[in-house]
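Secondary and tertiary structure notes
One letter stands for each residue in the lines below.
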Amino acid sequence: MRRRVLPGFGLSFGYAVAYLGLIVLLPLAALAWKASGIGFEGLVRLLSAPRTLAALRLSVGGAVVAALINVVIGLLVGWVLVRYRFPGRRLFDALVDLPFALPTAVAGIALTTLYASNGWLGRWLEPLGIKVAYTPLGVFVAMVFVGFPFVVRTLQPVLSALERDVEEAAESLGAQRWQTFFRVILPMLAPALLTGFALALARAVGEYGSVIFIAGNIPMRSEIAPLLIVQKLEQFDVAGAAALGVAMLLLSFGLLVLVSLLQRWSQRWAERAA
Amino acid sequence: MNARKHSRRVAWPRRMVHLILIVLALVFLTLFLLLPLATVFVEAFRQGIGPYLEAIKEPEALSAIQLTLLVAAIAVPMNVVFGVAAAWAMTRFEFRGKALLGAFIDLPFSVSPVVSGLVYVLLFGAQGWFGPWLDHHGIKIIFAVPGLVLATMFVTLPFVARELIPLMQSQGSEEEEAARVLGASGWQMFFRVTLPNIRWALLYGVLLCNARAMGEFGAVSVVSGHIRGLTTTMPLEVEMRYNEYEYVGAFAVASLLALLALVTLAVKTLLEWRYGDEIAAHAPGGH
Amino acid sequence: MLELSRLHRRFAGFQALDDVSLDIAPGEFLALLGPSGSGKTTLLRILAGLDYPDSGSVLRNGDDFLATPARERRIGMVFQHYALFRHLTVIENIAFGLRVRPWRSRPSRSEIRARVDRLLRRVQLDGLGTRYPTQLSGGQRQRVALARALAVEPDMLLLDEPFGALDAQVRVALRRWLRELHEELGLTSIFVTHDQEEALELADRVAVMNKGRIEQVGPPEVIYQQPATPFVCEFIGKVNRFSVRRHAGGFAAAGWMPEGDPWQGRFTEAVAYVRPEQLRLATPSSLPAWQAHLRHIYLAGGVAHLDLHVASLDLALEADVASEDLSRFGLQLGMELRVAPRSVVMFPLDGKGEPLSEERWIWHARSPVPA
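None of these values were measured; they are calculated from a predicted model. (Residues numbered from 1 in each chain as written. Chains lettered and ligands numbered in written order. Predicted model: local features only at pLDDT ≥ 70, side-chain atom pairs only at ≥ 80, totals over all residues. Heavy atoms only, no water.)

With respect to the overall build of chain B
Note the threshold: Segments assigned H or I by DSSP are reported as helices when at least four residues long, segments assigned E as strands when at least two residues long, and all are numbered from the N terminus. Burial classes follow relative accessibility: with a 1.4 Å probe on protein chains only, a residue under 20% of its type's maximum area counts as buried, one over 50% as exposed, and anything between as partly exposed. By definition in these notes, contact holds between two residues if any of their heavy atoms fall within 4.5 Å. Using the Shrake-Rupley algorithm and a 1.4 Å probe, accessible areas are obtained, with residue cover drawn only from the displayed protein chains. By the counting scheme adopted, Arg and Lys are positive, Glu and Asp are negative, and His together with the chain ends is not counted. Charge coordinates come from a single atom per side chain, which is NZ of Lys, CZ of Arg, CG of Asp or CD of Glu.
Of the regular secondary structure elements, chain B holds 14 helices and zero strands. The secondary structure elements of chain B, listed N-terminal to C-terminal, are α-α-α-α-α-α-α-α-α-α-α-α-α-α. Expressed as lengths along the three principal axes of its C-alpha atoms, the size of chain B is roughly 60 × 60 × 30 Å. Every one of the 287 residues in chain B was classed for burial, and the buried ones make up 59%. For chain B, contacts bridging at least 24 residues in sequence account for 72% of all contacts bridging at least 6. Counting every atom, chain B has about 12000 Å² of accessible surface; 67% of that belongs to carbon and sulfur. One finds the centroid of the 21 positive side-chain charges in chain B at a distance of 12 Å from the centroid of its 20 negative side-chain charges.

As structure tokens, this is what we get:
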């Protein structure tokens with residue numbers, strides 16, 4: 001073997017791999033093993049049960065919708081924080097990370113209280129016929145909350161690195177402001193937006209703490225997939241919980257792979273446009 | 001940038017657009033982020049300061065605080081050592097399977113917290129791989145403190161490594177090579193050159209790792225068993241009190257966690273502002 | 001005495017060192033000169049103990065140098081970007097190598113302090129000792145790096161592109177200063193550079209490298225005047241290239257023909273090189289020469305660069321003359337001149353059209369008439 005100049009390869013590599021193996025890989029192997037216990041038929045029966053399907057649909061569908069909402073709002077907030085100067089900008093900029101820092105259980109009970117029929121927001125929304133707490137809408141709200149920082153934080157560095165002169169060139173060529181935005185700026189931001197979307201999506205699919213309080217957890221209606229796993233565990237259906245866990249794991253990997261493909265495609269597209 | 005100059009030059013319709021966009025963004029941030037935060041404190045003090053202090057001084061609350069500190073005190077240093085070792089191996093050497101190692105380090109971010117707890121139940125629980133053996137020897141991991149620590153370690157594993165890898169990659173190994181040529185031993189090189197160069201990024205990683213470790217709910221809730229006074233960390237105590245309609249008590253404990261979040265954000269902002277270039281660009285942390 | 005023999009080093013996809021052998025004498029100032037990717041930095045890093053060859057050996061006074069770890073080689077290294085410890089002051093940087101010694105061989109605090117002070121004065125940085133590297137200019141950083149390397153009293157000084165990151169003026173001043181320092185200390189010094197002027201001016205001996213091989217080793221004047229290979233001809237200094245063919249009466253390129261044939265008829269074609277200052281502009285009609293058209297004159301201070309065109313070869317030639325010669329010869333744009341080389345380096349081409357370095361022919365005009 002080649003002599004290495006800097007010391008510590010064996011120690012650091014060995015430790016990292018051993019630690020990773022014990023903390024991450026061994027438990028995941030146990031998950032796969034236990035899940036295989038219910039067999040293929042059992043898995044199909046489990047996944048095609050109406051209640052499971054409804055829960056998965058809510059977790060995945062809700063996460064996709066929440067991530068899309070976050071792309072729009074994140075673009076607005078990121079743009080305003082990077083491009084405009086106004087009092088309190090730094091404070092609001094720091095505030096963006098709140099959903100990362102605030103424990104999910106705290107966010108969960110705070111959102112529930114806020115949107116309950118006697119809450120600060122709920123009491124205004126309810127007369128308009130908008131019920132948030134204890135409905136699927138509440139699930140979306142919590143998912144938007146936890147995924148919010150991702151789009152803003154991936155967008156900000158790209159936005160501030162964006163050359164002003166490209167926009168000025170577009171305008172000097174006679175483009176309207178909105179044309180410049182949609183034809184010049186947005187395509188350049190597309191890869192970052194997609195990354196932010198993917199991260200927000202991955203986060204929301206598996207979200208548990210902030211959702212369960214506001215969801216009300218009504219079977220077939222506002223029950224998310226992670227909660228189903230917890231319930232199966234409480235009923236000592238370990239194999240069922242494991243199978244559902246594997247399904248969720250594969251689902252989030254599948255989404256991540258899909259999005260990374262999209263990202264590569266959009267990057268190529270952006271490069272060709274540049 | 002010269003945004004201010006720019007906005008002075010532009011015509012009034014465009015300035016109106018700027019104003020509308022700013023107002024929209026701020027209204028959203030206020031309603032969506034500031035309001036929930038305010039709710040926590042308002043609800044906690046709804047019945048005044050007396051009941052608030054009362055709620056925090058209850059033995060269950062105190063033991064939850066203790067347990068949370070204990071779990072973080074074990075999980076965070078473990079992940080610091082792992083993060084430094086992994087970053088050293090990943091950025092200073094070439095080896096086969098490097099990309100795979102990187103992917104595995106990021107893995108816990110894309111796993112649902114509930115699944116993160118579940119895997120330990122499947123490993124050490126009554127029906128798990130090592131369950132019968134552990135039971136036979138009288139060792140409890142699930143529904144006990146070791147399980148809480150393990151689940152927390154799993155969830156917070158990537159934080160430190162993820163801060164350090166891009167920074168150490170961009171710093172390169174020239175300074176360490178210089179130290180070697182000047183006669184430094186491996187540990188001298190590490191403590192005198194490597195560590196001082198990554199200290200702020202390390203602190204940043206520890207900060208995020210700690211915030212997550214203390215606030216983790218999903219993974220911990222699966223392995224805890226919710227035994228009052230024994231296996232309930234602060235977020236679990238919040239949940240239990242809330243579910244028992246003990247709102248002031250729940251928000252009182254929640255306010256402590258929210259305070260931790262605010263301190264984390266403040267220190268984080270300070271670090272970014274003061275040592276931004278020594279922390280390096282980083283992708284936002286997950287879950 | 002340092003003996004490098006048959007060193008090979010391969011990185012993924014390219015050969016950094018390809019059978020390199022070289023002897024380095026104590027106290028000599030050696031330059032490793034070559035374009036980027038020529039393997040010169042790899043060679044330096046192997047000497048520093050920061051890389052290892054796939055095969056080959058390095059002996060120091062007969063002992064296996066490669067088996068000695070970097071920290072025990074008694075080497076001072078100046079890195080390309082200096083690699084100063086950014087969290088330490090200038091003084092702490094310089095003292096680093098002394099402070100990390102095991103306590104038995106570590107000098108006392110006061111001794112370290114005194115040695116650092118001496119070095120600060122030597123590199124003309126007294127008064128800047130408490131600054132951090134980011135508060136210094138490029139030239140100052142380079143001198144800190146040098147002082148840090150010298151503090152451990154090395155047997156050998158290795159410098160990787162020592163002037164690469166500096167601007168032109170500082171560069172020339174530091175070069176002279178480094179040369180003086182070398183003479184004062186008497187250390188074996190080896191430096192890597194891609195700048196031929198730097199190598200020729202500073203070094204006792206220059207090793208020209210290309211694609212992992214050493215093309216030529218020798219004193220600067222030999223490298224310049226007697227280049228061993230076509231690569232050295234083209235890499236060092238400016239040069240005009242043309243081809244010569246063998247005819248009935250010997251080799252020739254249009255009107256110009258060198259006397260004799262050292263190859264005795266074995267080759268029919270050769271590639272030839274002549275330096276701009278080796279062109280005679282007013283060749284007497286008794287001697288063979290080219291008819292050249294003067295296209296441009298670029299006046300650069302004491303020297304004038306002339307752009308010539310030889311129609312019979314369809315060849316652009318560059319010639320250098322002293323500026324005062326312009327008026328002496330009455331040179332004017334559009335003039336026709338009789339141009340002939342005074343000295344030419346030729347390499348014959350083998351059957352595949354590859355030049356053969358080992359068959360080099362250096363031709364000089366027989367009667368050196370003043371230009």
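Overview of the interface of chain A and chain B
For an interface, size is often stated in terms of accessible area lost upon the parts coming together. Our working rule: A quick way to say it: buried area is the sum, across both parts, of accessible area lost when two parts are put together, with a 1.4 Å probe. Each salt bridge in this description consists of a side-chain nitrogen of Lys or Arg and a carboxyl oxygen of Asp or Glu lying within 4 Å of one another. Whenever a nitrogen or oxygen atom comes within 3.5 Å of another N or O atom, the pair is scored as a polar contact, on the condition that within protein one atom can donate a hydrogen and the other can accept it, and that pairs from neighbouring residues in sequence are kept only if both atoms are in side chains. Residue type decides the class: Asp, Glu, Lys and Arg count as charged, Ala, Val, Leu, Ile, Met, Phe, Trp, Tyr, Cys and Pro as nonpolar, and the leftover types, Gly among them, as polar.
Chain A puts 92 residues into the contact, and the matching count from chain B is 93 residues. Together, the buried faces of chain A and chain B total about 8100 Å²; carbon and sulfur atoms form 80% of this surface. In this assembly, chain A and chain B are joined by one salt bridge. One salt bridge connects B:K268 with A:D97, and the closest N-O pair in it is separated by 2.2 Å. The interface formed by chain A and chain B contains six residue pairs in polar contact (both at pLDDT 80 or more). Examining the composition of the side of chain A that touches chain B, we find that 20 residues originate from one element, helix α1 (residues 9-36) of chain A, more than from any other. Looking at the side of chain A that touches chain B residue by residue, the class counts come to 70 nonpolar, 10 polar and 12 charged.

Description of the packing of aromatic side chains
Here is the rule we go by: Stacked, edge-to-face and tilted labels apply to pairs of Phe, Tyr and Trp rings (six-membered ring for Trp) whose centres lie within 6.5 Å, assigned for plane angles under 30 degrees, over 60, and everything in between, in that order. By definition here, charges over rings are those cases where NZ of Lys or CZ of Arg is within 6 Å of the ring centre and within 35 degrees of the ring normal.
What the rule picks out here adds up to 41 aromatic pairs over all chains. Between A:F100 and A:F150 the ring centres are 4.9 Å apart and the planes differ by 75°, which places this aromatic pair in the edge-to-face class. Taken as a pair, A:F100 in helix α5 (residues 98-101) and A:F150 in helix α8 (residues 136-161) lie far apart in primary sequence, 50 residues in all. In this structure A:F150 comes out as buried when scored by relative accessible area, which is 1%. Taken together, a centroid distance of 5.4 Å and an interplanar angle of 50° make the contact between A:F148 and B:F28 tilted. Pair noted here: A:F148 is in helix α8 and B:F28 is in helix α2 (residues 12-44), and the two residues belong to different chains. For B:F28, a relative accessible area of 16% gives the class buried. When the ring centre of C:W103 is taken as reference, the NZ or CZ atom of C:R104 above it lies at 5.9 Å. The residue whose ring lies beneath C:R148 is C:F85, and the NZ or CZ to ring-centre distance is 4.6 Å.

Brief notes about the environment of B:F41
Residues and elements named next belong to chain B. Secondary-structure assignment places F41 in helix α2. On the basis of relative accessible area, F41 is assigned to the partly exposed category, the value being 23%. Apart from the residues within four sequence positions on either side, F41 is in contact with S255, A258, L259 and L262.

Thoughts on the nonpolar core
In plain terms, the rule: Residues belong to a common nonpolar core when they are buried Ala, Val, Leu, Ile, Met, Phe, Trp, Tyr or Cys residues joined through side-chain atoms within 4.5 Å.
With 223 residues, the main nonpolar core has A:V77 and A:Y115 as its most contacted residues. Contacts of A:Y115, omitting those with residues within four sequence positions, involve A:L121, A:G122, A:L125, A:V132, A:A133, A:V141, A:I214 and B:F32. In this structure, C:L125, C:L128, C:A145 and C:A147 belong to the second largest nonpolar core, which totals 45 residues.

Quick look at the sheet that holds strand β12 (residues 250-252) of chain C
All names here are of chain C. Heads up, the condition is: One requirement defines pairing of two strands: DSSP has to find at least two bridges between them. Whenever a helix is involved, its axis is fitted only over the stretch in contact; in every case the axis is a line through C-alpha atoms, and angles between N-to-C directions fall within 0 to 180 degrees.
Judged by pairing direction, the sheet is antiparallel, and its five strands sit side by side in the order β12-β11-β13-β19-β20 without closing on themselves. Looking at which strands have only one partner, the edges of the open sheet turn out to be β12 and β20 (361-364). Averaged over all adjacent pairs, the angle separating strand axes in this sheet is 30°, with direction ignored. Bridge analysis of strand β11 (residues 240-247) against β12 gives three bridges, and the strand direction is antiparallel. Bridge assignment links R245 to a residue of β12, and that residue is A252.

Digging into the sheet that holds strand β10 (residues 213-218) of chain C
Residue and element names in this part refer to chain C. Strand order in this open sheet of six strands is β6-β7-β8-β3-β9-β10, and the pairing throughout is mixed. Sheet topology places β6 (75-78) and β10 at the edges, where each strand pairs with a single neighbour. For this sheet, the mean angle separating the axes of adjacent strands, direction not counted, is 15°. Here four bridges tie strand β3 (residues 29-33) to strand β9 (residues 205-210), and the two strands are oriented parallel to one another. Counted as the bridge partner of L33 is V208 from β9.

What about the environment of C:A252?
Residues and elements named next belong to chain C. Along the chain, A252 falls in strand β12. A relative accessible area of 9% places A252 in the buried class. Sequence separation between A252 and P288 is 36 residues; the distance between their C-alpha atoms is 9.9 Å. Residues contacting A252, with those up to four places away along its chain left out, are V244, R245, H247 and M257.

Digging into a positive patch on the surface
Applicable threshold: Each patch is built from salt-bridge-free residues with over 30% relative accessible area, joining like charges within 9 Å and nonpolar side chains (Val, Leu, Ile, Met, Phe, Trp, Tyr) within 5 Å.
Judged by side-chain charge, B:R192, C:R99, C:R106 and C:R109 come together as a positively charged surface patch. On the secondary structure map, C:R99 appears in helix α2 (residues 90-99). For C:R99, a relative accessible area of 36% puts it in the partly exposed group.

Some points on the interface of chain C and chain B
Every contact between the two is made by 23 residues of chain C and, on the other side, 18 residues of chain B. Both sides together, the interface formed by chain C and chain B hides about 1900 Å², and carbon and sulfur atoms give 59% of it. By the criterion of area lost to chain B, the three top residues of chain C are C:R71, C:R86 and C:H87, representing 33% of everything that side buries. On inspection of chain C and its partner chain B, the count reaches two salt bridges. Residue C:R45 pairs with B:E177 through a salt bridge whose shortest N-O separation is 2.7 Å.

A word on the packing of helix α3 (residues 50-83) of chain A against helix α10 (residues 177-205) of chain A
Residue and element names in this part refer to chain A. What counts is decided by this rule: In what follows, roughly perpendicular refers to angles from 65 to 115 degrees, roughly parallel to angles under 35, roughly antiparallel to angles over 145, and oblique to any angle outside these ranges. By the definition used in this description, the sense in which the near helix is turned from the far one sets the handedness, with an anticlockwise turn below a right angle giving left-handed and a clockwise turn giving right-handed.
For the pair α3 and α10, interaxial distance at closest approach is 8 Å and the crossing angle is 135°. Between α3 and α10, the interaxial angle falls into the category oblique. When the axes of α3 and α10 are compared, the crossing they make is right-handed. Every residue of α10 that contacts α3 at S59, A63, V64, A67, L68, N70, V71, L75 and W79 is listed here: R177, F181, I185, L186, L189, L193, F197, A200, L201, A204 and V205. Partitioning the contact of α3 with α10 into residue classes produces 17 nonpolar, two polar and one charged.

Re a nonpolar patch on the surface
On the surface, B:W12, B:M16, B:L19, B:I20, B:V23, B:L24, B:V27 and B:L31 cluster together into a nonpolar patch covering about 790 Å² of accessible area. Under the relative-accessibility criterion, B:V27 is labelled partly exposed at 42%.

Observations regarding the confidence of the model for chain B
Fine structural detail should not be taken from predicted coordinates in areas where pLDDT scores are low. Residue and element names in this part refer to chain B. Put simply, the test is: A residue's pLDDT is the predictor's confidence in that residue, given on a scale from 0 to 100.
Of all residues in chain B, 93% attain a pLDDT of 70 or more, and the chain-wide mean is 90. A low-confidence stretch, residues 1-8 stays under pLDDT 50, and its non-local contacts, those more than four residues away or across chains, total six contacts. Two numbers describe this predicted complex: its pTM, 0.87, and its ipTM, 0.89.

Examining the pattern of salt bridges
Following the criterion strictly, the structure yields 39 salt bridges over all chains and no others. Of the charged contacts in the structure, one is a salt bridge between A:R203 and A:E207, with a shortest N-O distance of 3.2 Å. Here A:R203 falls in the buried class, since its relative accessible area comes to 4%. Connected through salt bridges with shared partners, the residues B:E58, B:R228, B:E237, B:R241, B:E244 and B:E246 form a single ionic network.

Section: helix α4 (residues 138-151) of chain C
Put simply, the rule is: Each helix should span, by expectation, one fewer than its residue count multiplied by 1.5 Å.
Between its first and last C-alpha atoms α4(C) spans 20 Å; for 14 residues at 1.5 Å apiece the expected length is 20 Å, and the two agree. Among the 14 residues in α4(C), 12 count as buried, and that is most of the element. Three or more residues of α4(C) are buried, namely C:G139, C:Q140, C:Q142, C:R143, C:V144, C:A145, C:L146, C:A147, C:R148, C:A149, C:L150 and C:A151. The inward-facing, buried residues of α4(C) contact α10 (174-181) of chain B together with β6, α2, α3 (109-122), β7 (156-160) and α5 (168-185) of chain C. C:E153 sits one or two positions beyond α4(C) and adopts a positive phi of about 50°.

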